[in-house]
Structures are given as structure tokens and as C-alpha cells.
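If you want the building blocks of each chain, they are given just below.
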Amino acid sequence: MIIGMIIIVFVIIKEFFYKPEENFNKLILPKSIKIPDKSKLETINFNKDTVSMIVTLKDGTQQIILLDIENGIEKSRKYVAINNQK
């Protein structure tokens, strides 16, 4: 019975007096991974710290989008045009 009362008191203190948002920094969410309008995603590749995508644009050209990610936060984004020669 004493242990039950201690648990109830602990839960009440935790719920009303402990505010976890005061103890941690604000969470910064990365931008959404978006591809250009009216384009088609051909491939996507996830590595440890990078995401690479090949997209076909509405004019038929292709583009590589490279995203560098560190701890869940996007650090850089690069666009590379692909020159398809026949």
C-alpha cells in the first residue's frame, strides 16, 4: 500500500511539475524532400548520411538531387543536370 501511494505521488509530481520542453533545445525539423513540380521520380537511394534522387523533369531532361543529412537535419542540397547523349 505504501509503494502504491509513492507511485501515485510520483506520477502526480511528474505530470504537473516536470516540463520536458524546458530541459531540451527546440527540435529543428528538416525541410520536406520535394521534387520539382510535374516531374517524375525515377530512383531514390538512401545512404548513411546522403539521399540521392534521379528525377525526370516535364521537359524530358533528367536531374540528380543530392541531400546531405546529419543527425536528421538537412545540411545541404545540390542539383546536378544529367546530359543524356545518344
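The residue numbers shown here count from 1 along each chain, following its written sequence. In view of the model being predicted, local features appear only for residues whose pLDDT reaches at least 70, and side-chain atom pairs are presented and counted only at 80 or more, with totals across whole chains, interfaces and linings using the full set of residues. Values shown for side chains rest on all heavy atoms present in the structure; no hydrogens or waters enter the calculation.

A. How the structure looks around the pairing of strand 2 (residues 50-56). Pairing of strand 1 (residues 40-46) with strand 2, which is carried by six bridges, proceeds in the antiparallel orientation. Among the inter-strand pairings, Leu41 is bridged to a residue of strand 2, identified as Val55. Where strand 1 folds back onto strand 2 in an antiparallel hairpin, the turn is made up of three residues. In short, DSSP must find at least two bridges between two strands for them to pair. Only DSSP runs of H or I with at least four residues qualify as helices, and only runs of E with at least two residues qualify as strands; both kinds are numbered from the N terminus onward. Bridge count between strand 2 and strand 3 (residues 62-70): seven bridges; the pairing is antiparallel. Residue pairing in the sheet places Val51 in a bridge with Leu67 of strand 3.

B. Representation of a nonpolar patch on the surface. A contiguous nonpolar patch, built from Met5, Ile8, Val9, Ile12, Ile13, Phe16 and Phe17 and spanning about 750 Å² of accessible area, is present on the exposed surface. Within the fold, Phe16 resides in helix 1 (residues 2-17). We call a residue buried when its accessible area falls under 20% of the maximum for its residue type, exposed when it is over 50%, and partly exposed in between, using a 1.4 Å probe and counting protein chains only. Owing to a relative accessible area of 60%, Phe16 belongs among the exposed residues under this scheme. Patch definition: residues above 30% relative accessible area lacking any salt bridge, with like charges linked at up to 9 Å and the nonpolar side chains Val, Leu, Ile, Met, Phe, Trp and Tyr linked at up to 5 Å. Reported accessibility uses the Shrake-Rupley method at a 1.4 Å probe radius. Residues are deemed covered only where the shown protein chains occlude them. Salt-bridge detection follows one rule: a side-chain nitrogen of Lys or Arg within 4 Å of a carboxyl oxygen of Asp or Glu.

C. View of the confidence of the model for the protein. Confidence of the predictor in every single residue is expressed as pLDDT, which spans 0 to 100. This prediction gives the protein a mean pLDDT of 80; 83% of its residues lie at or above 70. Looking over the protein, one finds the lowest element-wise mean pLDDT in helix 2 (residues 20-23), namely 57, and the highest in strand 2, namely 91.

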